[in-house]
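Chain residues, written in single-letter form:
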Amino acid sequence: MRSSLLLLPIAIALVGCDGGDGGGSAERFCGEIQLHSEQLTQPNLQFEDDIEPLLDLYREIGELAPLSIEPEWDQLIGAYETASTVVPGNPDSQQMALSAIYSTEKSAAAVDKWLEKTCAVDIGPVFTIVAQEP
């Protein structure tokens with residue numbers, strides 16, 4: 001679970017954005033991220049029951065994602081969903097979660113770059129094992 005939290009900062013943001021690339025609305029997407037930035041970047045995950053509402057928030061915001069970033073956002077959601085199934089002390093479930101998180105590094109970097117470029121939002125460093133394009 002801790003590894004999945006390293007990628008959560010990907011979802012912060014603020015500022016309005018222009019729409020117009022099909023799919024969801026960039027302006028609404030950016031606005032929802034701004035509105036929920038604290039929940040997305042500093043989630044209160046003290047109990048198992050805290051996970052599903054956070055996933056629901058990611059899904060709801062993802063419904064607004066423009067086509068240009070929707071696949072990457074969906075990949076992050078999938079990784080978080082997998083991470084949410086970790087059984088403490090079970091190495092197989094922990095490995096599945098780590099694999100899911102590591103496989104989304106490229107998507108995490110793409111979301112970071114998209115938010116910065118489209119929304120003028122710098123979410124800070126995105127932690128990856130493999131260096132991604134700047």
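Going by the structure above, here's the rest.
Caption draft 1: Region of interest: the packing of aromatic side chains. Using the criterion set out here, one finds four aromatic pairs in the structure. Where Phe-29 meets Trp-73, the ring centres are 5.1 Å apart and the plane angle is 80°; that geometry is what we call edge-to-face. Note that Phe-29 is positioned in helix α2 (residues 26–35) and Trp-73 in helix α5 (residues 70–83), a separation of 44 residues in sequence. Using a relative accessible area of 0% as the deciding quantity, one classes Phe-29 as buried. With 5.6 Å between their ring centres and 75° between their planes, Phe-29 and Trp-114 make a pair best called edge-to-face. Here Phe-29 is found in helix α2, whereas its partner Trp-114 is found in helix α7 (residues 105–119), with 85 residues between them in sequence. Taking relative accessible area as the criterion, Trp-114 reaches 11% and is therefore assigned buried. Members of the aromatic cluster, joined through ring pairs, are Phe-29, Tyr-58, Trp-73, Tyr-80 and Trp-114.

Caption draft 2: Just the pattern of salt bridges, in detail. The full count for this structure, using the stated rule, is three salt bridges. When the shortest N-O distance is used, the salt bridge between Arg-59 and Glu-52 registers 2.8 Å. Judged by its relative accessible area of 26%, Arg-59 falls in the partly exposed class. The class of Glu-52 is partly exposed, set by a relative accessible area of 40%. Salt-bridge contacts for Arg-59 lead to Asp-56; the nearest nitrogen and oxygen are separated by 2.6 Å. On the criterion of helical spacing, the pair formed by Arg-59 and Asp-56 is a turn pair, its members being three residues apart in helix α4 (residues 51–62). Each member of the salt-bridge network shares a partner with another, and the members are Glu-52, Asp-56, Arg-59 and Glu-81.

Parameters and conventions
- Residues numbered from 1 in each chain as written.
- Predicted model: local features only at pLDDT ≥ 70, side-chain atom pairs only at ≥ 80, totals over all residues.
- Heavy atoms only, no water.
- Phe/Tyr/Trp six-rings, centres within 6.5 Å; stacked < 30°, edge-to-face > 60°.
- Helix = DSSP H or I, 4+ residues; strand = E, 2+ residues; numbered from the N terminus.
- Buried < 20%, exposed > 50% of the residue type's maximum accessible area, 1.4 Å probe, protein only.
- Salt bridge = Lys/Arg side-chain N within 4 Å of Asp/Glu carboxyl O.

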